[in-house]
Amino acid sequence: MAEPESEAAADTPLYLRVAAALREDLAHRRISPGTRLPSERSLSQRYHVNRQTVRSALQLLRDERLVVTDRRGTFASSGAESGSEPVAPALTARRPTFPGGPRAAEALVRASLTWEPPPTPLTARLLLTPGEPTLVHRHVVLGPQGTALQRAVSWFSRPALAEIPQLARYRRGRDRRQQPDLRLLYHWMHQAGLRITHRESVGVPGPAMTTAGGAARLLVHRVVSDQHGHALEITDIDFSAQSAAWTYEFSA
């Protein structure tokens with residue numbers, strides 16, 4: 001793998017870097033559909049990592065249905081095996097994509113991270129004290145003309161910041177990238193041993209809250225909790241139903 005270009009890149013878990021390299025090979029057909037991938041030992045030598053790191057990377061690619069494994073080894077998925085078109089670029093991963101699903105991940109987006117107190121009604125649910133700041137992610141999906149089709153804001157709880165190593169690097173002052181990439185958040189939760197439950201409430205705003213021109217909107221309120229019932233993330237998504245579809249797929 002190439003040398004990291006920043007401290008943020010250096011903080012990226014090795015298995016994600018290996019998965020990204022293999023995903024790029026699959027997307028550009030350097031590994032053709034149906035072709036057997038090199039052995040775990042060969043991959044560990046190629047990327048200078050241990051075999052457990054390789055196994056974690058391959059598990060992620062299996063979750064994304066980009067590779068399949070049987071007693072003969074691991075193979076690049078074909079369209080017939082994955083139930084989809086031939087191998088696609090990284091953003092079309094079938095695992096749930098934070099915050100608004102694969103469609104939002106594939107579009108032009110603007111994302112940012114801040115460190116601030118959540119709204120008062122959310123404080124106790126996030127296991128924070130009044131006025132205590134936490135990590136806040138804002139995400140805007142833009143249309144062809146630059147208009148905002150979807151807006152999302154997410155607040156992370158104290159348990160989320162403590163249990164998910166990939167979020168720790170975003171603590172105040174450590175990572176100020178303009179376009180933070182949290183698309184694999186739900187996979188990070190899985191890697192941290194968290195069994196997560198998603199609860200979404202969908203509403204339609206009243207006439208006073210419709211957009212200019214009367215475009216229909218939907219509001220989605222999502223709470224993601226761990227196996228102990230502790231909230232990990234609370235997200236509000238607001239989008240124009242006439243301009244963008246909201247599709248969210250999840251399997252435990």
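Before any of the text, the structure's been laid out above.
Structure report, in brief.

**Things to note about the environment of Gln 59**
Here's step 1: Examined against the element boundaries, Gln 59 turns out to sit in helix H4 (residues 51–63).
Here's step 2: The partly exposed category is assigned to Gln 59, whose relative accessible area is 30%.
Here's step 3: Counting along the chain gives 44 residues from Gln 59 to Tyr 15, while the straight-line C-alpha distance between them is 9.7 Å.

**A word on the environment of Arg 158**
Here's step 1: Following the sequence through the fold, Arg 158 ends up in helix H8 (residues 158–163).
Here's step 2: The exposure class of Arg 158 is partly exposed, given its relative accessible area of 41%.
Here's step 3: Expressed as a C-alpha distance, the spacing of Arg 158 and Glu 233, which sit 75 residues apart in the sequence, is 9.6 Å.
Here's step 4: What Arg 158 contacts, discounting residues up to four positions off in sequence, is Leu 126, Leu 127, Leu 128, Thr 129 and Glu 132.

**A word on the packing of helix H2 (residues 14–27) against helix H3 (residues 40–47)**
To describe two helices that pack against each other, one gives the angle between their axes and the distance between the axes.
Here's step 1: The geometry of H2 relative to H3 is characterised by a closest axis approach of 11 Å and an angle of 105° between their N-to-C directions. Here H2 is positioned roughly perpendicular relative to H3, judged by the angle of their axes. Facing Val 18, Ala 21, Leu 22 and Asp 25 of H2, the residues of H3 in contact are Leu 43, Arg 46 and Tyr 47.
Here's step 2: Residue classes in the contact of H2 with H3 are distributed as 5 nonpolar, no polar and 2 charged.

**What to know about the sheet that holds strand E7 (residues 217–225)**
Here's step 1: Judged by pairing direction, the sheet is antiparallel, and its 6 strands sit side by side in the order E3-E4-E5-E8-E7-E6 without closing on themselves. In this open sheet, the two strands that pair with only one neighbour each are strand E3 (108–116) and strand E6 (197–203). Pairwise comparison of adjacent strand axes, ignoring direction, gives a mean angle of 15° for this sheet.
Here's step 2: Direction of pairing for strand E4 (residues 134–142) relative to strand E5 (residues 148–156): antiparallel, over a ladder of 7 bridges. By the bridge assignment, Leu 142 is partnered in E5 with Ala 148.

**Let's talk about H3**
Here's step 1: Residues of H3 that are buried include every one of Leu 43, Ser 44 and Tyr 47, and no others. Down the axis of H3, the buried side of the element spans an arc of 100°, and every buried residue falls inside it.
Here's step 2: On the buried face of H3, the contacting elements are H2 and H4.
Here's step 3: Among the residues trailing H3, His 48 stands out with phi positive, at a value near 60°.

**Concerning unusual backbone geometry**
Here's step 1: Unlike most non-glycine residues, Arg 29 shows phi in positive territory, near 60°.
Here's step 2: The residue Arg 29 is located in the loop between H2 and H3 in this model.
Here's step 3: Classification of Arg 29 by relative accessible area gives partly exposed; the value is 40%.

**Here's the deal with the pattern of salt bridges**
Here's step 1: Enumeration according to the criterion identifies 8 salt bridges in this entry.
Here's step 2: Measuring nitrogen to oxygen at the nearest pair gives 2.8 Å for the salt bridge that ties Asp 70 to Arg 72.
Here's step 3: Taking the relative accessible area as the measure of exposure, Asp 70 reaches 34% and is therefore partly exposed.
Here's step 4: By relative accessible area, which is 48% here, Arg 72 ends up partly exposed.
Here's step 5: One connected set of salt bridges, linked through shared partners, spans Glu 24, Asp 25 and Arg 30.

**Here we look at the packing of aromatic side chains**
Here's step 1: Evaluation of the coordinates by the stated rule reveals 2 aromatic pairs.
Here's step 2: Relative to Phe 156, the ring of Phe 98 lies with its centre 6.0 Å away and its plane at 45°, an arrangement referred to as tilted. With Phe 98 in the loop between helix H5 (79–82) and helix H6 (102–106) and Phe 156 in strand E5, this pair connects stretches of sequence that are 58 residues apart. Comparing Phe 98 with Phe 156, the two get one shared label, buried.
Here's step 3: Between Phe 98 and Tyr 186, the aromatic rings sit 5.9 Å apart at their centres with planes inclined by 80°, giving edge-to-face as the arrangement. Note that Phe 98 is positioned in the loop between H5 and H6 and Tyr 186 in helix H10 (residues 185–191), a separation of 88 residues in sequence.
Here's step 4: Residue classification places Phe 98 among the buried residues on the basis of a relative accessible area of 3%.

**Describing the pairing of E7**
Here's step 1: Pairing geometry for E6 and E7, over 7 bridges, is antiparallel. Paired with Val 202 across the two strands is Val 220, which belongs to E7.
Here's step 2: By the bridge criterion, 9 bridges tie E7 to strand E8 (residues 231–240) in an arrangement that is antiparallel. When the sheet's bridge partners are listed, Leu 219 is paired in E8 with Asp 238.

Basis of the calculations
Residues numbered from 1 in each chain as written. Predicted model: local features only at pLDDT ≥ 70, side-chain atom pairs only at ≥ 80, totals over all residues. Heavy atoms only, no water. Helix = DSSP H or I, 4+ residues; strand = E, 2+ residues; numbered from the N terminus. Buried < 20%, exposed > 50% of the residue type's maximum accessible area, 1.4 Å probe, protein only. Contact = heavy atoms within 4.5 Å. Axes fitted to C-alpha atoms, helices over the stretch in contact; angles between N-to-C directions. Parallel < 35°, antiparallel > 145°, perpendicular 65-115°, else oblique. Nonpolar A, V, L, I, M, F, W, Y, C, P; charged D, E, K, R; others polar. Pairing = 2+ DSSP bridges. Arc of directions from axis to C-beta. Salt bridge = Lys/Arg side-chain N within 4 Å of Asp/Glu carboxyl O. Phe/Tyr/Trp six-rings, centres within 6.5 Å; stacked < 30°, edge-to-face > 60°.

Remember that the coordinates give geometry; whether it matters functionally is a separate question.
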